[in-house]
Amino acid sequence: MYLLAAVSIVVLASASRPWAPSGDPTYFVKRQMIWFGLGTVVLVVATWINYEHFKKFAPYIYWAAIGLLGIVLVHGQSALGAQRWIPIGPFQLQPSELAKVAIIITLATHLDKKKSLKHWRDMVSPLVHVGIPMLMILKQPDLGTTLVFAAITIGMLYMAGLPWLKMLVFPAGLGLMVLWIYLHYRYGIKIPIMHTYQLNRLTAFINPNKDPLGTGYNVIQSRIDIGVGGLTGSGLTMGAHTTLLGYLPESYTDFIYAGIGEQLGFVGSMAILFVYLLIIARAVYIATQAKDRFGMLLAAGVASMFAFHVIESAGMASGIMPVAGVPLPFMSYGGSALMADSAAIGLLLNVYGRRKVQGYKPSVAKPVPVLYSNQLSEQDLVGGPN
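Please read all numbers here as calculations on a predicted model, not as lab measurements. Positions within a chain are numbered from 1, following the residues in the order the chain's sequence is written. This being a predicted model, a pLDDT of at least 70 is required before a residue's local features are given, and a value of 80 or more before pairs of side-chain atoms are given or counted; all residues contribute to the totals for chains, interfaces and linings. As a convention, hydrogens and water are excluded, and side-chain values are obtained from all of the structure's heavy atoms.

Things to note about the overall build of the protein chain
To keep it simple, the criterion reads: Only runs of H or I of at least four residues qualify as helices and only runs of E of at least two qualify as strands under DSSP, and these elements are numbered from the N terminus. Burial classes follow relative accessibility: with a 1.4 Å probe on protein chains only, a residue under 20% of its type's maximum area counts as buried, one over 50% as exposed, and anything between as partly exposed. Residue contacts follow a heavy-atom distance rule, with two residues in contact if any of their heavy atoms lie within 4.5 Å. Per-residue and other accessible areas follow the Shrake-Rupley method at a 1.4 Å probe size, with only the shown protein chains counted as cover for residues.
When its secondary structure is counted, the protein chain shows 15 helices and three strands. The buried share of the protein chain, taken over its 386 residues, is 48%. If you take every contact in the protein chain between residues at least 6 apart in sequence, the share linking residues at least 24 apart comes to 71%. Counting only carbon and sulfur atoms, one obtains 68% of the accessible surface of the protein chain, whose full area is about 19,500 Å².

Next comes the structure, spelled out in structure tokens:
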């Protein structure tokens, strides 16, 4: 985490310079360092509190997240066509980022109470549980975070024991969505849950040159950034395309991986991805070592969240994934995302610190022999004592 944070500060120092307020080229860097400090406090608190206590507060956490999302829809601040932020003094709070961790905690509590996921009806309550905040976030609109929620849900349902046959519902749903988008462009069939600009951004990576100055602009400039970096990059703080010319507007937020590619090259980019791979692999390992089902589900949710963030953020910057506006954990500028990521790491440390040496094993109820009983069955009366 802190290795990524250190690299992030250096990359941000150059990638954010063209977009900083005049007279203060380190504006975003200084704010990000403040968020890193607060993130450390959040991490310590999330590690220190016994994660089993989160079960008791799960309903309050869930409805607090719903309440904040509701405030955004009513009184939120808008930017770039989206209403996602609540202004708090000089800073802005993005509740959808914090809601990710809230959903991991509350969905883990919900699934921990379920004895089985064998029947189709068993999937209803978990999907409704996640579906309410997902629809509220989609309303903002924030397609990227909505997709993160979907990834978290799929990963946690799988670890909770959802059979493979029922897991096929999710890729089938994705296939239907792709078909719907195709029919929209081919025959003009409307998609009421998505705006036109969202659809255009989502499909721009397929052929960005179709609208090079519009929806395809960021994808084209991001590819150029990564291409300019070559094998070893132009060096930290030396990215001319993002630092001096500022051709990529989101180079310090959602498209920061492009700045990493330009400054650190292919070798540095792969090294960053390897660090993420270690974090995700460690999260999966912690899930296997958890002392109970609840801890296992918490770690699985965090692993799913980080995995989707990295794949989508790096993929869209490279031009091989749809542009959905997903930040790169611990590297993209943004306080709310950093708070959520720090809390997620704290949950992992919490679960691992209270693990059992032998690891988590699903408990199976076994019949307990009754040694003494005041009530004897008819067979006992007939057969007598053994």
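From this point, the discussion proceeds with the structure in view.
Overview of the nonpolar core
One broad trend across soluble globular proteins is that nonpolar side chains are buried collectively. We apply this condition: For our purposes a nonpolar core is just a set of buried Ala, Val, Leu, Ile, Met, Phe, Trp, Tyr and Cys residues, chained together by side-chain atoms within 4.5 Å.
Leu4, Leu111, Leu298, Phe306, Met331 and Ile345 are the most contacted members of the largest nonpolar core, which totals 91 residues. It is helix α13 (residues 293-318) that contributes the most residues to this core, 14 residues altogether. Beyond its immediate stretch of four places on either side in the chain, phenylalanine 306 contacts Ile279, Ile280, Pro329, Phe330, Asp341, Ala344 and Ile345. Core analysis: the second largest hydrophobic core is formed by seven residues, Leu143, Ile181, Met194 and Leu202 among them.

Examining a nonpolar patch on the surface
Here is the rule we go by: Exposure above 30% relative accessible area and the absence of a salt bridge qualify a residue for a patch, where like charges join within 9 Å and nonpolar side chains (Val, Leu, Ile, Met, Phe, Trp, Tyr) within 5 Å. Between Lys or Arg on one side and Asp or Glu on the other, a salt bridge is scored when a side-chain nitrogen of the former is within 4 Å of a carboxyl oxygen of the latter.
On the surface, Leu176, Leu179, Trp180, Tyr182, Tyr187 and Ile189 cluster together to form a nonpolar patch covering roughly 640 Å² of accessible area. Among the structural elements, tyrosine 187 can be located in helix α8 (residues 169-187).

Let's talk about the packing of aromatic side chains
Rules: Here the aromatic set is Phe, Tyr and Trp, taking the six-membered ring for Trp, and pairing holds for ring centres within 6.5 Å; pairs whose planes are under 30 degrees apart are stacked, those over 60 apart are edge-to-face, and all others are tilted. Two conditions define a charge located above a ring, namely a distance within 6 Å from the ring centre to NZ of Lys or CZ of Arg, and an angle within 35 degrees of the ring normal.
Taken as a whole, this structure holds nine aromatic pairs when the rule is applied. Taking the centre distance of 5.1 Å and the plane angle of 80° together, the rings of tyrosine 27 and phenylalanine 28 count as edge-to-face. When its relative accessible area of 9% is taken as the criterion, phenylalanine 28 is described as buried. A cation over a ring is seen here: arginine 282 above tyrosine 352, with NZ or CZ 4.8 Å from the ring centre. Positioned above the aromatic ring of tyrosine 352 is the side chain of arginine 355, whose terminal nitrogen or guanidinium carbon lies 3.8 Å from the ring centre.

Considering the UniProt feature "transmembrane region" (unreviewed entry) in the protein chain
Which entries qualify depends on this criterion: UniProt positions are given in the numbering used here, feature names are shortened, and annotations may be inferred rather than shown by experiment.
Feature annotation in UniProt places "transmembrane region" (unreviewed entry) on residues 34-51, 60-80, 143-161, 167-185, 226-247, 267-287, 294-311 and 331-352, given in this structure's numbering. The span residues 143-161 carries 89% helix and 0% strand; its end-to-end C-alpha distance comes to 28 Å. Regarding residues 331-352, the helix share stands at 82% and the strand share at 0%, and the terminal C-alpha atoms are separated by 24 Å.

Looking at helix α4 (residues 95-113)
Stated precisely, the cut-off is as follows: By this rule the span expected of a helix is its residue count minus one, scaled by 1.5 Å. A residue's bend is simply the angle between two axes: one fitted to the seven residues ending at it, one to the seven starting at it.
In a regular helix each residue adds 1.5 Å, so 19 residues correspond to 27 Å; α4 covers 27 Å between its end C-alpha atoms and thus fits that length. The sharpest bend along α4 reaches about 25° and sits at valine 101. A large share of α4 lies buried, amounting to 15 of its 19 residues.

Side note on the environment of phenylalanine 255
Locating phenylalanine 255 in the fold gives a position in the loop between α11 (240-244) and α12 (256-289). For the pair formed by phenylalanine 255 and serine 313, sequence separation is 58 residues and the distance between their alpha carbons is 7.2 Å. Those residues in contact with phenylalanine 255 that lie beyond four places of it in its chain are Asn218, Ser222, Leu248, Glu250, Met316, Ala317 and Val323.

Section: the packing of α4 against α13
The following threshold applies: Here, axes are lines fitted to C-alpha atoms. For helices the fit covers the stretch in contact, and angles between N-to-C directions go from 0 to 180 degrees. Note on convention: the crossing is left-handed when the near helix lies turned anticlockwise from the far helix by less than a right angle, right-handed when the turn is clockwise. The nonpolar class holds Ala, Val, Leu, Ile, Met, Phe, Trp, Tyr, Cys and Pro. Asp, Glu, Lys and Arg form the charged class, and all remaining residues, Gly among them, are polar.
The contact between α4 and α13 brings their axes to 9 Å, and the two run at 145°. At the point where α4 passes α13, the crossing takes the right-handed sense. The segment α4 lies against α13, with Lys100, Ile104, Ile105, Ala108, Thr109, Leu111 and Asp112 engaging Arg293, Phe294, Leu297, Leu298, Gly301, Val302, Met305 and His309. Residue composition of the contact of α4 with α13, by class: nine nonpolar, three polar and three charged.

A closer look at the confidence of the model for the protein chain
To be explicit about the condition: pLDDT gives the predictor's per-residue confidence on a scale running from 0 to 100.
In the predicted model, the protein chain carries a mean pLDDT of 84, and 88% of its residues have values of at least 70. Scored below 50 in pLDDT, residues 362-386 makes two contacts in the model with residues more than four places away or belonging to other chains.

Some thoughts on unusual backbone geometry
In this structure, proline 141 follows glutamine 140 across a cis peptide bond, with omega equal to -5°. Tracing the backbone through its elements, the reader meets proline 141 in the loop between α5 (124-138) and α6 (143-159). Even without being glycine, phenylalanine 330 reaches a positive phi, approximately 70°. With respect to the helices and strands, phenylalanine 330 occurs in the loop between α13 and α14 (335-353). Judged by relative accessible area, which is 2%, phenylalanine 330 ranks as buried.

Looking at the packing of α4 against α6
Short version of the rule: With respect to orientation, any angle under 35 degrees is reported as roughly parallel, any angle over 145 as roughly antiparallel, any angle of 65 to 115 as roughly perpendicular, and every other angle as oblique.
Where α4 meets α6, the axes come as close as 11 Å, and the angle between the chain directions of the two elements is 20°. Taken together, the axes of α4 and α6 lie roughly parallel to each other. Relative to α6, the crossing made by α4 is right-handed. Judged by residue contacts, Ser96, Glu97, Ala99, Lys100, Ile103, Ile104, Leu107, Ala108 and Leu111 of α4 engage Thr145, Val148, Phe149, Ile152, Thr153, Met156 and Leu157 from α6. Taken together, the residues that form the contact of α4 with α6 break down as 11 nonpolar, three polar and two charged.

Some remarks on the environment of glutamine 77
Following the sequence through the fold, glutamine 77 ends up in strand β1 (residues 77-79). Overall, glutamine 77 belongs to the partly exposed group, its relative accessible area being 32%. On a C-alpha basis, the gap between glutamine 77 and leucine 93 in space is 9.8 Å, while along the polypeptide they are 16 residues apart.

Focus on the side chain of serine 313
Quick reminder of the rule: In protein, a polar contact means a hydrogen-donor-capable atom and an acceptor-capable atom, both N or O and within 3.5 Å, with residues adjacent in sequence counting only if both atoms are side-chain atoms; elsewhere, any N or O pair within 3.5 Å suffices.
Residue position: serine 313 is located in helix α13. Within the structure, the side chain of serine 313 is placed 3.2 Å from the backbone oxygen of valine 326, a separation counted as a polar contact. In this view, serine 313 contacts Asp254, Val326, Pro327 and Leu328; residues no more than four positions away in its chain are not counted.

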